[in-house]
Amino acid sequence: MATSCLAVTPEIAIAAADQASQATDAPTATPTDDATPAPRHTGGALLAKHRTPKPKVEKPVKAAKVPAAAAAAQAPAPVASAPDDTPAPVAAAPVRTVGRAAPTPVHVTPKPGSRAARIAGTSGRVPASGRTGQTVPIALDGPAPVAPSAPPAEGDQPVKSITIDGAQRLEADTILSYIRMHVGDRYTQASADQVLKDLFATELFSDVRLRNDGGAVVIEVKENPVVNRIILEGNKRLKDDKILPEIKLAARQIFTRSKVRADVTRIIELYKREGRFAASVEPKMVLLDQNRVDIVFEISEGPKSKVQQINIIGAHQFSVTQLRAEMVTKQARSFRVFSSGTSYDPDRLAFDQQKLRQFYLTQGYADFRVVSAVAELTPDKKDFIVTYVVEEGKRYHFGDVKVESQLRDFNGEALAKKLSIKKGEWYNAKAVEDTVDQLTETVGSFGYAFADVRPDFQRSKDKLTMSVTFRIAEAPRVYVERIDVNGNTLTEDKVVRREFRLSEGDAFNSYQIKRSSNRIKSLGYFQEKFAIEQKPGTTPDRVALEANLEEKPTGQLQLSAGYSSLESFIFQASIQQNNFRGRGETIGTTLNYSAYSKAVQLNFTEPYVSDKNVSLGVDVYRRDTSSFNFYDSNRNTTYRQNTTGFQVRAGVPLTEFSSLIGRYTLNYDQVTLDQATYYINGQCSVYLAGQYLCDAIGNRTSSILGASYVYDTLDNRLHPTKGTTFILGGDIAGLGGSVKYARATINAAHYVNVGHGFIFSLRGEAGAIHALENNATNAFEDPVRLTDRFFLGEPQIRGFDIRGVGPRVLRKFYTNYNPTNGNGGTLGTDQNTFVNDALGGKYYYLGHAELEIPLGSGARELGLRPSIFMDAGAVWGVTAPATVGTTILYTDAVTGKSTTNPSASNGTPNAIAQKFEEDFVGDSPRPRISIGVGVNWNSPFGPFRIDIAKALTFVNGDTRKTFSFNVGTQF
């Protein structure tokens with residue numbers, strides 16, 4: 001089992017690399033501590049430096065970190081350190097020298113290509129000189145920094161003077177302020193030792209020596225170098241800007257080994273937080289001139305430590321797999337390659353203990369506890385094995401459930417009858433919390449903003465029951481003193497304030513507060529994590545409401561692309577600003593383009609006209625649509641429909657959740673065919689174009705008056721999690737214009753939060769259209785024109801192509817027929833070679849059932865929302881058009897145009913151009929059903945949707961499509 005201590009074991013000895021090659025190659029001596037200065041006389045006492053034995057050089061070892069067991073952690077072992085190795089001083093009578101000599105440097109070659117090598121002036125080659133530009137490993141685990149003891153003092157002399165020698169940056173008076181020896185004091189062994197201890201304790205000096213010449217005390221010091229800069233090497237996962245602010249050493253500071261040790265520990269701790277427990281740090285310094293050094297931290301990051309196994313001992317009522325599913329930490333498996341929950345994190349393991357306890361408390365095990373949690377690091381330091389020891393205890397039922405209220409407006413017994421928890425049910429701590437929230441919201445809706453609801457538990461271990469009494473303490477009725485709107489830099493205050501369901505001076509109502517919060521979130525102007533905060537007012541019966549907003553981009557640039565067997569390449573772009581000028585206005589434009597259709601639309605909406613609760617909007621649009629068919633496997637345009645028009649709409653609220661919207665639409669439609677291609681003798685040919693297209697030709701004006709009733713209780717219009725919406729609409733065309741019909745539509749949706757983050761939704765819609773007059777020119781023409789009918793397909797029903805469901809005419813072509821007389825041949829079966837023209841229908845219905853699946857916290861932060869769905873729908877009810885059956889078309893030998901005549905006007909036989917067969921299919925109310933999976937991703941580029949669907953039921957003629965996607969961006 002891994003221990004919890006952090007072992008830092010870099011090199012013991014200080015090793016010096018050779019200096020960078022200089023302009024001259026004259027040999028230089030390697031400095032050691034064996035040089036003895038010539039003796040000199042000072043007052044009869046001979047002074048000389050004692051010899052210091054060379055320290056033993058050991059093999060360097062990199063700093064490493066051993067992670068702790070999560071629950072059985074031990075305190076880290078203390079690491080002794082000293083600025084240098086301190087051998088015991090040796091006295092040579094009559095010489096009296098007190099001091100500490102630096103250890104002997106040992107040459108070390110830096111890594112080739114490293115920054116340390118470049119600073120040293122080499123690329124891995126040992127330079128000739130060893131005085132400057134040397135790379136020196138920094139020893140961190142030497143003996144404790146204890147100054148050497150002075151040899152016995154001869155006599156008892158007074159201190160006549162104290163002289164500082166060797167100081168470069170520090171003033172002599174500053175150094176003297178650090179010591180306790182003063183002129184006039186008696187020079188003793190203890191006082192000499194104390195001077196050394198005091199100066200070494202400052203960590204300003206690498207070496208200190210003390211000489212006494214008849215009372216003239218000389219203190220020789222060697223100052224620690226100044227840090228020139230800090231260099232990090234090998235750090236790829238953590239960049240410099242993440243590490244440098246966390247360490248103590250910085251440029252122009254005095255170098256000390258204790259700071260280096262602390263920085264090594266801190267760097268390793270940063271990597272520990274990233275889950276890299278095998279990380280190691282090797283500190284080095286590069287010696288520069290003027291007693292300066294560059295500090296280099298060579299970092300080996302190591303692999304990210306994963307949780308290999310999670311063991312749970314003592315669990316009998318639930319399987320280990322079920323309990324693991326409740327945890328945030330997951331076992332590292334290949335299918336979790338993108339999951340962040342497999343990394344080892346002590347904080348996350350502590351949270352998992354709470355998750356286990358919460359799970360058992362919701363299942364009735366009130367005595368459950370985690371006895372221990374141990375994390376063991378594998379020998380290769382790559383993975384952890386986590387083991388939990390638990391005690392489940394006995395399972396409890398709810399006993400008596402009561403409510404005691406000190407508020408005169410509420411009766412405890414009446415409230416208790418309406419609670420969701422009942423006597424005899426399994427104890428559930430989550431149900432108790434929900435009941436507290438329910439009671440708090442209930443009393444809050446009557447103006448008690450700061451009502452205190454506390455559950456009081458009475459446990460019976462003999463009967464295994466848990467009785468709960470909810471006590472509602474007395475509280476004053478509260479009124480709204482003020483409403484503050486903060487954080488809106490672009491959006492005007494009135495845009496937010498008009499969504500509040502409370503005004504200043506109103507009685508506090510928690511339900512209206514929640515409703516106000518949902519309305520503000522539904523605007524889509526602010527971040528989703530928003531809630532109205534309640535703060536005490538100036539008096540106990542006053543409350544201040546604060547809307548602390550965080551604005552987000554409200555402009556949208558939507559881009560979508562796809563490929564359809566009907567329309568080939570499809571591209572759609574829209575740009576819209578939902579909070580134009582910060583007034584809540586919406587303005588935008590939409591562009592659709594494909595090989596056979598083009599459209600552009602401009603729209604503007606003012607939600608509050610003259611600050612009144614009345615909305616007004618207008619749309620102006622132009623739509624050009626071109627259909628196509630095949631000649632010899634080539635696509636050719638058939639009819640063109642050009643629609644130019646506008647719509648004006650206005651809305652007024654009826655209640656808090658319902659509103660009425662009226663609209664007026666004026667359209668001018670032009671449906672044309674290329675006469676050179678589809679006309680014979682100046683008339684539209686049913687053989688060339690089809691009867692259904694010939695019937696659609698003409699110019700028409702539609703004057704449409706409509707209205708819709710809207711009921712909406714969704715908690716969020718953008719991403720609803722609960723609530724209902726219902727829309728009933730009707731349109732009448734005929735108040736002017738040449739088109740007369742009545743149309744009715746209905747839409748409904750219901751969202752349910754089924755718990756644990758799952759959101760289930762049911763959505764449905766249906767419609768019908770009826771002609772108010774019959775202008776059909778023949779029995780095969782439907783009185784409702786082609787462009788006014790309902791169409792169904794992508795994106796309404798997934799698994800099918802655009803307009804891929806419903807009545808249609810299929811023109812299938814023959815191959816391998818006799819080229820002379822057209823006899824025989826094989827009828828084609830490849831749908832991509834058919835002329836597939838959707839006719840739409842007068843009736844339709846469509847339903848969706850979808851379950852949104854929650855992911856982990858990391859996926860939620862990325863905005864990923866996967867779902868599974870089932871769609872069902874149909875469109876039908878159109879007069880069967882005339883079809884020509886099996887037909888042979890010829891190419892006129894004189895005009896070169898298509899004709900049904902086998903001979904040209906000059907009697908020359910015409911060549912056969914094509915042989916085809918027309919069928920009317922798909923006019924059935926039978927439901928088309930598809931199932932699939934989809935993912936919504938709120939990507940950095942904007943909303944992105946992918947759907948993969950399979951059609952389970954379909955009828956002849958329906959065109960299916962498996963994959964579709966939609967991508968956009970925000971600004």
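Below, the structure is looked at part by part.

Conventions and cut-offs
- Residues numbered from 1 in each chain as written.
- Predicted model: local features only at pLDDT ≥ 70, side-chain atom pairs only at ≥ 80, totals over all residues.
- Heavy atoms only, no water.
- Pairing = 2+ DSSP bridges.
- Helix = DSSP H or I, 4+ residues; strand = E, 2+ residues; numbered from the N terminus.
- Patch = residues over 30% accessible without salt bridge, like charges linked within 9 Å, V, L, I, M, F, W, Y side chains within 5 Å.
- Areas by Shrake-Rupley, 256 points an atom, 1.4 Å probe, with all protein chains shown as cover.
- Salt bridge = Lys/Arg side-chain N within 4 Å of Asp/Glu carboxyl O.
- Lys, Arg positive; Asp, Glu negative; His and termini not counted.
- Charge placed at Lys NZ, Arg CZ, Asp CG, Glu CD.
- Buried < 20%, exposed > 50% of the residue type's maximum accessible area, 1.4 Å probe, protein only.
- Phe/Tyr/Trp six-rings, centres within 6.5 Å; stacked < 30°, edge-to-face > 60°.
- Lys NZ or Arg CZ within 6 Å of the ring centre and 35° of its normal.

Focus on the pairing of strand β33 (residues 758-771)
Here's step 1: As defined by bridge partners, strand β32 (residues 741-755) adjoins β33 across 14 bridges and the pair is classed as antiparallel. Residue pairing for β33: N747 is matched across the bridge by E765.
Here's step 2: Taken together, β32 and the strand that follows it, β33, pair antiparallel across an intervening segment of two residues, in which H756 is found at a positive phi of about 60°.
Here's step 3: The sheet contact formed by β33 and strand β37 (residues 843-852) spans 10 bridges and is antiparallel. Residue E765 lies in a different strand from β37, and its bridge partner there is L846.

Section: a positive patch on the surface
Here's step 1: Positive charge collects at one region of the surface, where K236, R237, K239 and K304 lie side by side.
Here's step 2: For K239, the position within the fold is in the loop between β9 (226-233) and α4 (240-243).
Here's step 3: On the accessibility criterion, K239 (48% relative accessible area) is partly exposed.

What to know about the packing of aromatic side chains
Here's step 1: Inspection of the entire model under this criterion finds 18 aromatic pairs.
Here's step 2: Centroid distance F318 to Y365: 6.0 Å. Interplanar angle 80°. Geometry classified as edge-to-face. Taken together, the residues F318 in the loop between β12 (306-313) and α6 (320-325) and Y365 in the loop between α7 (346-362) and β13 (369-377) connect sequence positions 47 residues apart. Accessibility assignment for this pair places F318 and Y365 in one class, buried.
Here's step 3: Centroid distance Y843 to W876: 5.9 Å. Interplanar angle 35°. Geometry classified as tilted. With a gap of 33 residues between them, Y843 in strand β37 and W876 in strand β38 (residues 864-876) connect regions that are remote in the sequence.
Here's step 4: Using a relative accessible area of 34% as the deciding quantity, one classes Y843 as partly exposed.
Here's step 5: A network of ring pairs unites the aromatic residues F318, F359, Y360, Y365 and F368 as a single cluster.
Here's step 6: Between R623 and the ring centre of Y621, over which it is positioned, the NZ or CZ distance is 4.1 Å.
Here's step 7: Across the ring face of F954, the terminal group of R960 is positioned such that the distance to the ring centre comes to 3.8 Å.

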